[in-house]
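If you want the building blocks of each chain, they are given just below.
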Amino acid sequence: MTLDILVCVKRVPAPGAKMTLLADEQDIETKYLGFTISPHEECGVEEAVQLIEKHGGTSTVLTLGTADAVEQLRYCMSLGMDKSILLERTGHDWDPMATSRAIIDAIQARKDAGENYNLFIFGNESADSGGYQVGTRVAHAFDMPCVTGIKKIEITEADGQQMAIASRETGAGMEVFEVPLPAVLTVKEGINLPRYPSVPGRLKAKRKPVDKSTPTAVPGGPVKSKMVVPEEAGSEVQILGRGPEAAPKVVDILKELGVL
Amino acid sequence: MSDFPTKANVVVIGAGIVGNCVVYHLAKLGWKDIVLLDKGPLPNPGGSTGHASNFIFPVDHSKEMAMLTLDSMKQYKELGVFTESGGIEVARTEERMEELRRRMASSKSWGVESHLVTPAEIKEMVPFINEEIILGGFYTPSTGVVDSLRAGTIMREKAQELDALTIFPNTEIDDIVVKDGKVHSVVTQKGTIECNYIVVACGVWSPRIAEMAGSSIPLTPAVHQMISVGPVPVFSTTVGEIEYPIVRDMDTFCYERQHGGDMEVGSYAHRPILMDANDIPSIEESQLSPTELPFTEEDFEQQLEEALELMPDILGDETVGIRYAINGLLSLTPDGAPILGETPDVKNLWSAAAVWIKEGPGVGRMVAEWMTHGHSEIDPHQSDIARFYDYAHSKKHIIDRTSEAFNKTYGIVHPTEQWESSRNVRVSPFYPRQKELGAVFYETAGWERPQWYESNAKLMEEYPSELYERQGEWESRWWSPIINAEHLAMRDRVAMVDLTAFAIFDIKGPGALAHMQKVAMNQMNVKIGRAVYTPILDAQGGFRSDLTIMRIGKNHFRIITGGSDGGRDKKWFSDHLPEDGSAYLEDRTSAICTIGVWGPNARAMVQSVTDSDMSDAAFPYGALREVRIGLIKTRMMRISYVGEMGWEIYAPMEHGLKLWDTLWEAGQAHGVVPAGIGVYGTTGRLEKGYRLMGAELECEYNPVEAGLTRPKVKKQDFIGKEAYLKAHEEGPATIMCTLTVDDHTSAAGIKRYMMGREPILTLDGESIVDSHGRISYVTSAGSGPSIGKFILLAYLPPEYAVEGTKLLVEYMDEQYPVTVAVAGAGSVFDPENERMKG
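Predicted model, so just to flag it, every value in this text is computed and none were measured. Numbering of residues starts from 1 in each chain and follows the order in which that chain's sequence is written. Written order determines the labels here, with chains lettered from A and ligands numbered from 1. Per-residue local features are limited, in this predicted model, to residues with pLDDT of at least 70; the limit for side-chain atom pairs, both in listing and counting, is 80 or more; totals at the level of whole chains, interfaces and linings are taken over all residues. Each side-chain value is derived from all of the structure's non-hydrogen atoms; neither hydrogens nor water enter the calculation.

(A) Molecular detail of the overall build of chain A. Scanning chain A from terminus to terminus reveals 6 helices and 11 strands. Expressed along its principal axes, the backbone C-alpha trace of chain A runs to roughly 75 × 50 × 40 Å. Partly exposed describes any residue whose relative accessible area lies between the buried limit of under 20% and the exposed limit of over 50%, with all areas from a 1.4 Å probe on protein chains only and scaled to the type maximum. Classification of the 260 residues of chain A by burial places 42% in the buried group. A total of about 13800 Å² of accessible surface is found on chain A, and carbon and sulfur atoms cover 52% of it. Computed over 28 positive and 36 negative side-chain charges, the inter-centroid distance for chain A is 5 Å. Per the convention used, a helix needs a DSSP run of H or I reaching at least four residues, while a strand needs a run of E reaching at least two, with both numbered from the N terminus. The method behind every accessible area is Shrake-Rupley, applied with a 1.4 Å probe, and residues are considered shielded solely by the protein chains displayed. Lys and Arg are tallied as positive, Asp and Glu as negative. Neither His nor the chain termini are counted. Where a charge lies is defined by one atom per residue type: Lys uses NZ, Arg uses CZ, Asp uses CG and Glu uses CD.

In C-alpha cells:
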C-alpha cells in the first residue's frame, strides 16, 4: 500500500500591517513583500510529507501561478515533497473556476499518461482570495469523495481498499469520516506543526524536478472588478498607569471582565 | 500630543545604536535639552540595529576603525551587555593565511591579543567545524557579542537620569527647515521643534533626512543576507546566548555564530543588492521591519553550500530548520568608512551614519566630543563627512563604488588597491602627455595622478639599485621598481611631478591675516611673497592638518594642501573665518594646475625658459615669485617635499598643457624625467623624513612629538596654543623617528618589505607603549633608493628614540631587525638640506 499524494498550493504575498493597492486596483502592491503559501497549505504539505514518511509513495506539489511561483514549489520540495508541477499563468489571479479547470486538466493529462494520485490535499482556503472552492471542484470533476476542514488524517487499508480516516472539528466535538481513496481532503491549520526547511532540504530542492506547462484560461466565472482596502478599524490604547500604582486599576479591569 | 516640545537645543533623529549613544554622550558632556526622535517604536524602531548580528571582532587594519571598536567594546562592557565568546577568522586558502598573518601585525599595532591557530586547535574550540577544509585561523579571544538594543535603552536612560533627554518614538520626520545656511527646526507629524543642532543618526534613512535639509549623506542602503537555523542539538546544553567562538569563514565571505539554540549564518558574498533610501518600506507596509526585507533565496544558494561544507554537523542535520531568513538592510558608503561630522553645507547639521554595531558607542562619544569641543580624542579623518568632494555625493558614484566595495567586506584588500569604477573624474591638463609617457594612474580624491611612468623603465639600467626586486608578491602588488629609478634620476638630474591634485584656497579680506594667525601654528605675518609651512592644530594641540600657506598680498593668503585632505581643510578654514565677514574663502582648486620641478638640474632647466632671475639670491628658499615660463605667467614657490632644489609652479588650468610642453622641451637638454607620486609621496618624502597628515600626523600627536616645532612660539594667539605650550613644557611622550631595516630576509629566505602599520617591538619582541598608552607602529614605509635602505617612520618613546637603537618590526608574523636612524626632526638623506639650498 503506497500513497501518491498531490498537494495543491498557491503563491500569495506575505503582507505587513498595511496593504497598498496598485493603481488599477486589481492587486495589492507587492514591491516590498515576500511571498508564501497559506498556513493551511503549509500544513497540507507537512501532512503529505509525514504520510509518505510513514506509508511510502510519492508526493507532488502543484501550483497554478506566475513563473515566480516556482519559489513556493522549491520551498515545498525543501520540506520533503518529491517533485512539482507549475501551471504557469500570466495576468491577474484566476478565479476558482478557471483555477480548478486548469488543475483538473493537469490531473487528467497525467492520468492519461498512466500517472495516478490517490490522495489530493488542498488547503481549506487560499490565504488571499479565500474562495474555498478549488478542492471541491476538483473532487467533483473526478467524482471523488471530498471532505473539507480536516484536522487529522490516518490511512488504513481494508480488503484491498485504501481508506483515509479524516477528522474535522465541529462546535461539539470531532466528525470522523472514512473516505475511500482516491479522495480530496482540504486541511486546516492545526492538523500538524509544519517543519522548517533544513539546509540539506534546501539544497536538495534545487535539484528536484519542476514540470512546467501553460494552461489556457476557460472563459466565464466571476470576474474581479476591483479591490478595496477596508477602513482601518483602529483601536484605542489606554495607559492605566505605571508601576505599582497601576495595579488597582488592573484589578478593576479584571473584575469588570469577570476574570476575577 | 500636548507635551511635544516646540523648542530644543539638539534634536537627534534615529534611536538606533548610534542615536542612543550620541544622546548619552552629549548628556554626559553637559548638554541639556536634547530630544531624541524616531519614527519607529522603542526599543527596536525597525532600523538596522534591530536585526544586527551584534558580534564584534576588534581587529581591523584601519587604526581609526580599530580605535572606535575598542572604545565601543569598553563601553558595552561597562553597560554589562557584552558577552565574550572569542572569534576565529578561518582561512581556506594560503592567500588568506597570508592575510591572517598581516592581521597579526594589525592586532599588535592596535593592542589586541590575537593568535594564529591550527585547524586542530580550531576544532578543539569549535567541535562542529570541518577542520579538514581549513588551513588555519586568526583567533581573537576578546571577540564577543553585545545586546545592542539593551545598550541603547541603557544609554537613553542614563541621558534621562541626567535630566538632559526627552524621547519621542513613533514620530515621523516630515521636513527639516534651514535658515541662513543653519538648521532651524524639525517638522514632525507631532509638531515642529525649533532647535540649534540636528544629528542625523538614521542609518539607511540618513540620505532621505539629509536631503530634507538640502544636504547630502552619501550612503546607500544595501542588503546583507542572514539566516538563522535551529534548534541545534549541540547548543541545547549551553547557557546564555553564546558559548562557542564566532567563526568568520573569510574566503566565502560568510560568518557563523551561535545565538542561543540557533546558529546564524550571514553573508557578504552575494551580488550587491542596493536600494534607494526613499524606497525603503514603511513600518506598516513591512512584514517584519523596514530593514528586514524578504529573503531572496537564489542569492544565498552558494553560501548555503559553503556554510554546509564548513559546519556539516550542524547545518547538515535535517532536523535543524531555517527558522529565520532576511535580506537585512545596512548602510554602505563609497569608501567603506562611516560618515560623521558636521555637514559642510548646513551649519549645525551633523551626520552620524553608516556605523556598525561594533563602532556605535565609540562613534557616539566621538561625535559628542566633536560637537562639544570641535575635536575628538580619536582622529576622525577617515570618517569625516567633509572628506567627500561634490562628485562623491552623486548617486552614480555611490552606487558604483559601493557595488565594487560590497564583496570586499571580508575581502583581501591591498592598502594601495585601486578602484575600478568611478575613475577619470578629475584629470590634470597634463593627462594626455602623461598617457603618452605610460603613466600608471592612481586615484586620490577623484584625481588621476601618475604613480609612476612606464617610459622610465629604461632608467633602471642607468641607475642600479638593490631595491628594485621585491620577491614577496604582496609588496610587489600595486608597486613598480620604476618608482625607485625615477627617484634616482630625480636626485641625479631633474624631475617633473604633477601636483594638480592640490586643494587650493584663497583667504582674502582685511581680516585675512588675523584669520591665518588664528588657524596656523606658525607665524603668518611674513613678507608678501613668502610661503610658510605650518601645522594646523585643534584646541587640544593635536594635528588637524599640515600645509603650506603663501602670502600673496597684504590681505591675500593662499593655502595649498593635499587633495585627500582638501575637503576637511576647507571646512576647518571656513568654520574659523571671522564672524564679521572681514575675510572670506575662495576655492581655487579647479582654477590652478601645479607642476613640481626638482633636482640638481632644475634651476638650469627652468632658467632656460624664463627671463626672470632664478638664482638663489634672487629666488631664495621659501620665496614666492611670479615668473613667466615661455608665454605663460606662473606663480612659483621655492619649496620641496622631496628634498631637492626646485619649485612648485602654479598656472591657470587652461595653460597647463602648454606649461608642461614648454618645461618638458626645455628639460630635454637637462635629462628631465617625469616622476610620479610614488617618488613624491613615498621615496622622496621618507628619505627626508617629511610627515604626512593621516599617517604620522593625527590629532592624538602634537608638534613636539612630531618634531615640527619652531624655535620660537609666535606671540599671537592660535588654535591649540595653550596645549602646544603645555606640550613644549612637558616634552614629548613619544618622538617621531626614522628607522631603517637591517635585514629583510624572511624564514623562507626571501626579502620582505613592510607596507606600513606594522608594530615596532623591542628586541624581546614586546610591544612598545608610551606613557600615554600609545603603541609604536610603522606610520609610513617605503624605499630609500638614494640611501640604499628601506625606511620606516614610527613614533617611539624617548627611551627608544635614540639613534642607533636596535629594535624589531613584525611583518607577516615574522620579525625583522631595524635601527633608529634619526630621532625627531631630521632625515636620513642630506640631513643638512644642502641640496635644497641649491
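The structure having been displayed, the exposition proceeds.
(B) Inspection of the overall build of chain B at higher detail. Scanning chain B from terminus to terminus reveals 22 helices and 39 strands. As defined in this context, the radius of gyration uses C-alpha atoms, and a globule is described by 2.2 Å times the residue total to the power 0.38. Taken over the C-alpha trace, chain B has a radius of gyration of 28 Å; the compact-globule value for 838 residues is 28 Å, and the two agree within 12%. Each principal axis of the C-alpha atoms in chain B carries an extent, and together these give about 85 × 70 × 50 Å. With 838 residues in all, chain B has 63% of them scored as buried. When contacts within chain B are restricted to residue pairs at least 6 apart in sequence, long-range pairs at least 24 apart make up 73% of them. Residue contacts are counted whenever heavy atoms from the two residues lie within 4.5 Å of one another.

(C) Molecular detail of the nonpolar core. Residues and elements named next belong to chain B. Here, nonpolar core means buried Ala, Val, Leu, Ile, Met, Phe, Trp, Tyr and Cys residues that are tied together by side-chain atoms lying within 4.5 Å of each other. Of all hydrophobic cores here, the largest spans 93 residues; its most connected members are Val597 and Leu663. Every residue in contact with Leu663, bar those within four places of it in the chain, is listed here: Met496, Ile595, Val597, Met605, Val606, Val609, Ile629 and Ile649. With 44 residues, the next largest nonpolar core counts Ala15, Leu68, Ala151 and Ile357 among its residues.

(D) Spotlight on the sheet that holds strand 1 (residues 3–9) of chain A. Residues and elements named next belong to chain A. Two strands form a pair only when DSSP identifies at least two bridges running between them. The 9 strands are arranged 9-8-7-10-6-1-4-5-11 in an open sheet whose pairing can be described as mixed. Here the strands that pair on one side only, and so sit at the sheet edges, are strand 9 (174–180) and strand 11 (210–213). Mean inter-strand twist for the sheet, computed between neighbouring axes without regard to direction, equals 25°. Relative to strand 6 (residues 119–123), strand 1 is paired through 4 bridges, and the arrangement is parallel. Residue pairing across strands places Cys8 opposite Phe122, the latter belonging to strand 6. Sheet strands touched by helix 1 (residues 39–55): strand 1, strand 4 (57–65), strand 6, strand 7 (146–158) and strand 10 (183–187). Its angle to strand 1, the strand with the most contacts, is close to 170°. Here an angle of 0 to 180 degrees is reported between the N-to-C directions of two axes, which are lines fitted to C-alpha atoms, with helices fitted over the stretch in contact.

(E) Quick look at the state of the cysteines. All names here are of chain A. In what follows, a disulfide is any cysteine sulfur pair within 2.5 Å. Scanning the model with the defined rule gives 0 disulfides over all chains in all. Unpaired in terms of disulfides, Cys8 finds its nearest cysteine sulfur in Cys76, a separation of 11 Å. Overall, the relative accessible area of 5% leaves Cys8 in the buried class.

(F) How the structure looks around the pattern of salt bridges. Counted as salt bridges are all cases of a side-chain nitrogen of Lys or Arg within 4 Å of a carboxyl oxygen of Asp or Glu. Applying the stated criterion across every chain, the model contains 72 salt bridges over all chains. With its nearest N and O atoms 2.8 Å apart, the salt bridge here joins Arg168 of chain A to Glu175 of chain A. A relative accessible area of 23% means that Arg168 of chain A is categorised as partly exposed. Among the residues examined, Glu175 of chain A registers a relative accessible area of 30% and is labelled partly exposed. The salt bridge involving Glu473 of chain B is made with Arg477 of chain B; its shortest N-O contact spans 3.0 Å.

(G) The arrangement of the packing of aromatic side chains in detail. Residue and element names in this part refer to chain B. In this scheme Phe, Tyr and Trp rings, the latter by its six-membered ring, pair at centre separations within 6.5 Å, and the angle between planes marks the pair as stacked below 30 degrees, edge-to-face above 60, and tilted otherwise. This structure, assessed with the given rule, holds 27 aromatic pairs over all chains. Where Tyr641 meets Tyr680, the ring centres are 5.1 Å apart and the plane angle is 45°; that geometry is what we call tilted. A residue pair is termed long-range when its members are at least 10 positions apart, and Tyr641 in the loop between strand 31 (632–638) and strand 32 (646–652) and Tyr680 in helix 19 (residues 677–687) qualify at 39 residues. The pair formed by Tyr641 and Tyr680 is uniform in burial state, with each residue classed as buried. Pairwise contacts between aromatic rings join Phe55, Phe57, Tyr255, Tyr268, Trp356, Phe406 and Tyr410 into one cluster. Here the guanidinium or amino end of Arg426 rests over the ring plane of Tyr389, the centre of that ring lying 4.4 Å away. Geometrically, a lysine NZ or arginine CZ counts as sitting over a ring once it is within 6 Å of the ring centre and also within 35 degrees of the ring normal. Arg470 extends its terminal NZ or CZ atom over the ring of Trp479, reaching a point 3.7 Å from the ring centre.

(H) Fine view of the environment of Ile176 of chain B. All names here are of chain B. One can find Ile176 in strand 10 (residues 173–179). Separated by 18 residues in the primary sequence, Ile176 and Glu194 place their C-alpha atoms 9.8 Å from one another. If we skip the residues at most four places from it in the chain, Ile176 touches Ile13, Ser185, Ile198, Ile209, Met212 and Ala213.

(I) Expanded view of the interface of chain A and chain B. Contacts between the two partners involve 18 residues from chain A and, on the opposite side, 22 residues from chain B. Of the roughly 2000 Å² buried between chain A and chain B, counting both surfaces, carbon and sulfur atoms make up 59%. Together, Tyr32, Val199 and Arg202 of chain A form the three largest contributors to the area buried by chain A at its contact with chain B, with a combined 34%. Remark: the boundary between chain A and chain B carries 4 salt bridges. Accessible area that two parts lose when put together, with a 1.4 Å probe and added across both, is what the buried area reports.

(J) Focus on the sheet that holds strand 3 (residues 55–56) of chain B. All names here are of chain B. The antiparallel open sheet is built from 3 strands, whose spatial order is 3-8-4. Looking along the sheet, the strands with just one partner apiece sit at the ends: strand 3 and strand 4 (82–84). Where strand 4 lies against strand 8 (residues 144–146), 3 bridges are found, and the strand directions are antiparallel. What sits directly across from Glu84, in strand 8, is Gly144. Seen against the sheet, helix 2 (residues 63–79) touches strand 3, strand 4 and strand 8 and runs at an angle of roughly 105° to strand 4.

(K) Region of the structure containing the side chain of Glu125 of chain A. All names here are of chain A. Summarising the element assignment, Glu125 is placed in the loop between strand 6 and helix 4 (134–141). Despite its burial, Glu125 remains without a salt bridge, the nearest opposite charge being carried by Lys188 at 6.1 Å. Counted as a polar contact is a pair of N or O atoms within 3.5 Å, where, for protein atoms, one must be capable of donating a hydrogen and the other of accepting one, and residues adjacent in sequence contribute only when both atoms are in side chains. One polar contact links Glu125 to His40, side chain to side chain, over a distance of 3.3 Å. A distance of 3.5 Å separates a polar atom in the side chain of Glu125 from a polar atom in the side chain of Tyr132. Those residues in contact with Glu125 that lie beyond four places of it in its chain are Ser38, His40, Gly130 and Tyr132.

(L) Structural view of the confidence of the model for chain B. The predictor's confidence in any single residue is recorded as pLDDT, a number from 0 to 100. Counting all residues, the mean pLDDT for chain B is 96, and 100% of those residues have values of 70 or more. The ipTM value of the predicted complex is 0.88, and its pTM value is 0.94.

(M) Expanded view of helix 10 (residues 395–406) of chain B. Residue and element names in this part refer to chain B. Helices are assigned an expected span. That span is 1.5 Å times one less than the residue count. Across its 12 residues, helix 10 extends 16 Å between first and last C-alpha, which sits within 8% of the 16 Å expected from 1.5 Å per residue. All of the buried residues in helix 10 are His397, Ile398, Arg401, Thr402, Glu404, Ala405 and Phe406. Among the structural elements, strand 13 (220–230), strand 16 (262–267), strand 18 (321–332) and strand 21 (439–444) are those in contact with the buried residues of helix 10.

(N) Here's a closer look at a nonpolar patch on the surface. A surface patch of nonpolar side chains, amounting to about 470 Å² of accessible area, comprises Val251, Ile253, Leu257, Val259 and Leu260 of chain A. With a relative accessible area of 60%, Leu260 of chain A lands in the exposed category. Put simply, a patch holds well-exposed residues, over 30% relative accessible area, that have no salt bridge, with like charges counted together within 9 Å and Val, Leu, Ile, Met, Phe, Trp or Tyr side chains within 5 Å.

(O) Quick look at the packing of helix 1 (residues 17–28) of chain B against helix 9 (residues 360–373) of chain B. Residues and elements named next belong to chain B. Where helix 1 meets helix 9, the closest approach of the two axes is 8 Å, and the angle between their N-to-C directions is 45°. Comparing the axis directions of helix 1 and helix 9 gives the class oblique. Judged by the twist between their axes, the crossing of helix 1 over helix 9 is right-handed. Contact residues: helix 1 offers Ile17, Val18, Cys21, Val22, His25 and Leu26, while helix 9 offers Gly360, Pro361, Val363, Gly364, Arg365, Val367, Ala368 and Met371. Looking at side-chain class alone, the contact of helix 1 with helix 9 contains 10 nonpolar, 3 polar and 1 charged residues. An angle below 35 degrees is read as roughly parallel, one above 145 as roughly antiparallel, one from 65 to 115 as roughly perpendicular, and any other as oblique. Here a crossing is called left-handed whenever its near helix is offset anticlockwise from the far helix by less than a right angle, and right-handed whenever the offset is clockwise. Residue polarity follows a fixed list, in which Ala, Val, Leu, Ile, Met, Phe, Trp, Tyr, Cys and Pro are nonpolar, Asp, Glu, Lys and Arg are charged, and the others, Gly among them, are polar.

(P) Examining the side chain of Thr238 of chain B more closely. All names here are of chain B. Tracing the chain through its elements places Thr238 in the loop between strand 13 and strand 14 (246–249). For Thr238, a relative accessible area of 14% corresponds to the buried category. A polar atom in the side chain of Thr238 sits 2.8 Å from the backbone oxygen of Phe235. Engagement of the side chain of Thr238 in a polar contact is seen with the side chain of Gln258, the distance being 2.9 Å.

(Q) Structural view of the pairing of strand 22 (residues 447–453) of chain B. Residues and elements named next belong to chain B. Across the 7 residues of strand 22, 7 count as buried, placing the element largely inside the fold. Note: strand 21 against strand 22, 6 bridges, orientation antiparallel. By the bridge assignment for strand 22, Glu443 is matched with Glu448. Where strand 21 folds back on strand 22, the antiparallel hairpin that results is connected by 2 residues, among which Ala445 adopts a positive phi of roughly 50°.

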